[in-house]
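Structure at a glance
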Amino acid sequence: MTQVATHHRELIFSPAIRIFHWIRALSIVVLIATGFYISWPFLVAPESSDVLVQGWIRFAHVIFGFALTSVTIVRFYLFFFGRSSIERRSVKDVLSINSWITQIKSYIWMGHLNKAGVYGPLQFVTYVGISLAALFMCITGLVLYANVYHEGFGGLIWEISAWFTALMGGLAQVRIWHHIITWAFIVFMVIHVYMAVWSGIRFKHNSVDSIVSGYDYHKDH
Ligand code: HEM
């Protein structure tokens, strides 16, 4: 029996995009867990002199914080200057009312999702939002860092951190907003994972797999 190819595959995510996606995912999970611990250090009794636990957890937070900061910078660069325009093309859809209607309709099983790039307009706007939230977390995180570590890199960014602190109305505000925006990542992660699995089922194509392998599959017509 001869095999008939019914699907063709297309490389949609470069290795760099995939690697950075998973570094970001890991960093964000660690940052949420360690961040909440920093704000409520429940493992050590208040009267105890054992402060190493807090120190180690803050150390992990800072390491993954720098990982996230580096990836955020590289990812902004890749979005604008990367070789493939598959992400940038979505801007076209964001500016078209028809594309929005097509995406919303396809979500309620009315018609297909036609898109110029790799993301639908609603998806793209959500990713821009979470990327800006990441940028905000990196800036406020670095400001908090400069207030804990006064030498080396902390000292280097001290002046600009002081300027940013004044802009936000004091260090307490920087810390509170760094804490509040943490919730944006928790809400995003739950919806993001749900939508990734759901859209793979709804549109019968690779979805979760493609951010691992890079490939998407389309049915031949
Ligand atoms: C999605 C990313 C991030 C999340 C969810 C997150 C979460 C948190 C949370 C919940 C806190 C505790 C705030 C409080 O005291 O109530 C915190 C503190 C802190 N974060 Fe982040 N953070 C993130 C990114 C970063 C980055 C990029 C840096 C930069 C290095 C950073 C550096 C710090 C520092 C220095 C503190 C204060 C530690 C202390 O008070 O000793 N964070 N973070």
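Since the structure is predicted, the reported quantities are computational estimates derived from the model, not experimental observations.

On a plain count of helices and strands, the protein chain comes out with nine helices and two strands. Beginning at the N terminus, the succession of helices and strands in the protein chain can be written as β-α-α-α-α-α-α-α-α-α-β. Each principal axis of the C-alpha distribution contributes one length, and for the protein chain these read about 75 × 40 × 30 Å. Counting every position in the protein chain, which comprises 221 residues, the buried fraction comes to 16%. Partitioning the intrachain contacts of the protein chain with sequence separation of at least 6 by distance along the chain shows that 65% fall at a separation of at least 24.

The next point concerns the environment of G152. Tracing the sequence through the fold places G152 in the loop between α5 (121-148) and α6 (153-156). A residue is classified by how many C-beta atoms lie within 10 Å of it, and G152, with 8 of them, is exposed. Considered as a pair, G152 and S210 are 58 residues apart in the sequence and their alpha carbons are 40 Å apart.

Okay, the UniProt feature "domain: Cytochrome b561 bacterial/Ni-hydrogenase" (unreviewed entry) in the protein chain next. Those residues carrying the UniProt feature "domain: Cytochrome b561 bacterial/Ni-hydrogenase" (unreviewed entry) are residues 13-214 in this numbering. Helix makes up 74% of residues 13-214 and strand 0%, whereas the separation of the span's terminal C-alpha atoms amounts to 5 Å.

Residues in close proximity to the ligand total 26 residues, the closest being L31, G35, S39, G65 and G141. Residues of the shell around the ligand, tallied by class, amount to 15 nonpolar, nine polar and two charged.

What follows is about unusual backbone geometry. One non-glycine residue, W109, lies in the positive phi region at around 60°. Mapped onto the fold, W109 is located in the loop between α4 (97-107) and α5. On the neighbour-count criterion, W109 (7 C-beta atoms within 10 Å) is exposed.

Turning our eyes to something else, we now look at the UniProt feature "transmembrane region" (unreviewed entry) in the protein chain. Residues given the UniProt feature "transmembrane region" (unreviewed entry) here are residues 21-40, 60-82, 94-112, 124-146, 153-174 and 180-201. Helix makes up 96% of residues 60-82 and strand 0%. Its end C-alpha atoms lie 30 Å apart. End-to-end, the C-alpha atoms of residues 94-112 are 17 Å apart, and along that stretch the chain is 63% helix and 0% strand.

For the rest of this paragraph, the subject is the nonpolar core. Counting residues in each nonpolar core, the largest one holds seven residues, listed as I28, L31, F64, L68, V71, A134 and M137. Elements with a contribution of two residues or more to this core: α1 (15-39), α2 (52-81) and α5. Per-element accounting of this core gives the leading share, three residues, to α2. With near-sequence residues (within four places) excluded, V71 lies in contact with F20, I23 and R24. Core analysis: the next-biggest nonpolar cluster, separate from the first, contains five residues, L142, V143, L144 and A146 among them.

Definitions and cut-offs
- Residues numbered from 1 in each chain as written.
- Predicted model: local features only at pLDDT ≥ 70, side-chain atom pairs only at ≥ 80, totals over all residues.
- Helix = DSSP H or I, 4+ residues; strand = E, 2+ residues; numbered from the N terminus.
- Buried ≥ 20, exposed ≤ 12 C-beta atoms within 10 Å, placed from the backbone.
- Contact = placed C-beta atoms within 7 Å.
- UniProt positions renumbered as here; feature names shortened; annotations may be inferred.
- Near = placed C-beta within 6 Å.
- Nonpolar A, V, L, I, M, F, W, Y, C, P; charged D, E, K, R; others polar.
- Core = buried A, V, L, I, M, F, W, Y, C linked by C-beta atoms within 7 Å.

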